[in-house]
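# Examination of the molecular architecture
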Amino acid sequence: MTLTALPGQPQLAYRGDTLFLEEVRLSDLAARYGTPLFAYSKASMLSALAAYQRGFAGRDAQICYAMKANSSLGVLQVFARAGCGFDIVSAGELKRVIAAGGDPRKVIFSGVGKTRAEMRTALEAGIGCFNVESTAELEVLHEVATELGTQAPVSIRVNPNVDPQTHPYISTGLKGNKFGVAHEETVATYQRAASLSGLRVVGIDCHIGSQITQESPYLDAMDRILDLVAAIEAAGVPRLQHIDFGGGLGIDYQGDTPPAADALWAQLLAKIDARGYGDRKLMIEPGRSLVGNAGVCLTEVLYLKPGEQKNFCIVDAAMNDLPRPAMYQAWQAIVPLERTPDAAERPAYDVVGPICESGDWIGRDRHLGPVQAGDRLAVLSAGAYCMSMSSNYNTRGRAAEVLVDGDQVHLIRERESAEDTFHKERLV
Ligand SMILES: *Cc1c(COP(=O)(O)O)cnc(C)c1O
């Protein structure tokens, strides 16, 4: 039987004409759990993590999974057991970390709009670091920590003003983004932080964007961060114990060729060592690159609707399950679970969901072969920023999720019922 691996997704392959994730036939999963269904490969997640771990071998380093990419408890549990910390952006995410067995001391808290209540929750849980994004936030965090009779460990997220050359909605390290403290204001902001008794300055942080597929923005950002470390310490701020370099490494969606995590870090570490900062603890916050290509979304074809200008393939997954195409015109591969050998010329389809929005599309002008109603398709690279961004729009219950581990399948999220979507609502 011929084995055809799919690009970028080593655990996903056709055996003959049938698509498998690890040792599991995906059409069996769809039949057993229904569609739409997210399926994640544990081996894929761990091998993506291993690339970073190799990159940091022999170093004092902490990998904090940026859990907004996929915050399902079963996914967090895989990373917690592998020793990861977590990069969170809300107190809700902290509660998920704890529920999944993660260690709050390995949690770093990012985001421009932390509330006082969230700060209190995080301080009480004893998180590792707050990545502070403005002077105003510093002052509030100082007040909250002082009220609790404690000190908040802080690093300041600096905006290194490099262009990550990615989609504008996911570029965060340029002037004009809402994120981080401007490069020119960094030293003064650190001096202010060091003067506040409710704060303990522990590190520096940056995160320049997402789905970055080139090395140069990272190398440039590292130079700027190291320049800043020198300037901050020269200004009398106590030694920065750690350098947090954020996340953002891209994955292969459509022939993209991002650097491998270990190769990228070999270059970054060479730079850090050459400039004399090899003794600092390193932290990173990868999200997409740990989970994106570990997951697929299985969906069933409901109707074919041929037209004069367009042919539509209407499926049971929609923009509420897979928001990336509607949000960022993102491209994700769509393949059949069972291939049918076929030489005929077939029309291209726009693959769309049932939601009442023209923005509800999953793929445009796709060649799906001899597709028919009732066939099942897999939307690839669906491990990151899909389920975690999903909604109940059109009162669609969110999809079920399974974790595949060899030939074992674990249901990690039950499909939501309509009642689940409105059980907090009240009639007057
Ligand atoms: C989203 C985010 C990340 C992770 O980005 P990826 O592109 O998923 O790796 C890391 N750090 C911060 C602060 C983020 O907002």
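Computed from a predicted model, the values in this text were never measured in an experiment.

Glancing now at the overall build of the protein chain. For the protein chain, the helix and strand inventory stands at twelve helices and 22 strands. Against the compact-globule benchmark of 22 Å for 428 residues, the protein chain has a radius of gyration of 23 Å, which places it among compact chains. With the principal axes as the frame, the protein chain shows a C-alpha extent of 70 × 60 × 40 Å. In the protein chain, which comprises 428 residues, the proportion classed as buried is 53%. When the accessible area of the protein chain is evaluated, it comes to approximately 18000 Å², of which 49% is carbon and sulfur surface. The averaged location of the 51 negative side-chain charges in the protein chain is 3 Å from the averaged location of its 41 positive side-chain charges.

With that out of the way, let us pick up the nonpolar core. Generally speaking, soluble globular proteins have nonpolar side chains that are buried together. Core analysis: the largest hydrophobic core is formed by 97 residues, its most contacted members being Tyr65, Phe79, Phe86, Phe130, Ile204, Phe245 and Trp265. Per element, the largest residue contribution to this core is nine residues, and it comes from helix 8 (residues 216-234). Once residues within four sequence positions are removed from consideration, Trp265 is found in contact with Tyr52, Gly55, Phe56, Met222, Phe245, Ile272, Leu282 and Ile284.

Okay, the packing of aromatic side chains next. Applying the stated criterion to the full structure yields seven aromatic pairs. Ring geometry for Tyr218 against Phe245: centres 6.0 Å apart, planes inclined by 45°, an arrangement best described as tilted. With Tyr218 in helix 8 and Phe245 in the loop between strand 13 (242-244) and helix 9 (261-274), the pair connects residues that are 27 residues apart, well separated along the chain. Residue classification places Phe245 among the buried residues on the basis of a relative accessible area of 4%. On the basis of an interplanar angle of 85° and a centroid distance of 5.9 Å, the ring pair of Phe245 and Trp265 is categorised as edge-to-face. Placement of the pair is Phe245 in the loop between strand 13 and helix 9 and Trp265 in helix 9, with a sequence separation of 20 residues. According to the relative accessible area criterion, Trp265 is buried, its value standing at 4%. Put simply, the rings of Phe56, Tyr218, Phe245 and Trp265 touch in pairs and so form one group of aromatic residues. It is Arg15 that lies over the ring of Phe20; its NZ or CZ is 4.4 Å from the centre. The residue whose ring lies beneath Arg339 is Tyr14, and the NZ or CZ to ring-centre distance is 4.0 Å.

Another point: the side chain of Glu118. Here Glu118 lies in helix 5 (residues 116-125). We note that Glu118 is buried and unpaired, the nearest opposite charge coming from Lys114 at a distance of 8.1 Å. From its side chain, Glu118 meets the backbone nitrogen of Ala91 in a polar contact 3.1 Å long.

Taken together, 14 residues lie around the ligand, and Lys68, Ser210, Glu285, Arg288 and Tyr385 are the ones closest in. Side-chain polar atom of Asp87 to a nitrogen atom of the ligand: 3.2 Å apart, as the coordinates give it. One nitrogen or oxygen atom from the side chain of Tyr385 is found 2.6 Å from an oxygen atom belonging to the ligand. Burial of the ligand by the protein chains amounts to 94% of its free accessible area of 390 Å². For the shell around the ligand, the residue count by class is three nonpolar, six polar and five charged.

Attention shifts here to the pattern of salt bridges. Scanning the model with the defined rule gives 25 salt bridges in all. Across the pair Arg275 and Asp223 runs a salt bridge whose closest N-O atoms are separated by 3.1 Å. Pair noted here: Arg275 is in the loop between helix 9 and strand 14 (281-284) and Asp223 is in helix 8, with a separation of 52 residues, a long-range link. For Asp223, a relative accessible area of 25% translates into the label partly exposed. Put simply, Asp223, Asp227, Lys271 and Arg275 are held in one network by salt bridges that share partners.

The rules we used
- Residues numbered from 1 in each chain as written.
- Predicted model: local features only at pLDDT ≥ 70, side-chain atom pairs only at ≥ 80, totals over all residues.
- Heavy atoms only, no water.
- Helix = DSSP H or I, 4+ residues; strand = E, 2+ residues; numbered from the N terminus.
- Rg over C-alpha atoms; globule rule 2.2 N^0.38 Å.
- Buried < 20%, exposed > 50% of the residue type's maximum accessible area, 1.4 Å probe, protein only.
- Areas by Shrake-Rupley, 256 points an atom, 1.4 Å probe, with all protein chains shown as cover.
- Lys, Arg positive; Asp, Glu negative; His and termini not counted.
- Charge placed at Lys NZ, Arg CZ, Asp CG, Glu CD.
- Core = buried A, V, L, I, M, F, W, Y, C linked by side-chain atoms within 4.5 Å.
- Contact = heavy atoms within 4.5 Å.
- Phe/Tyr/Trp six-rings, centres within 6.5 Å; stacked < 30°, edge-to-face > 60°.
- Lys NZ or Arg CZ within 6 Å of the ring centre and 35° of its normal.
- Salt bridge = Lys/Arg side-chain N within 4 Å of Asp/Glu carboxyl O.
- Polar contact = N/O pair within 3.5 Å; in protein donor to acceptor, adjacent residues only side chain to side chain.
- Near = heavy atom within 4 Å.
- Nonpolar A, V, L, I, M, F, W, Y, C, P; charged D, E, K, R; others polar.

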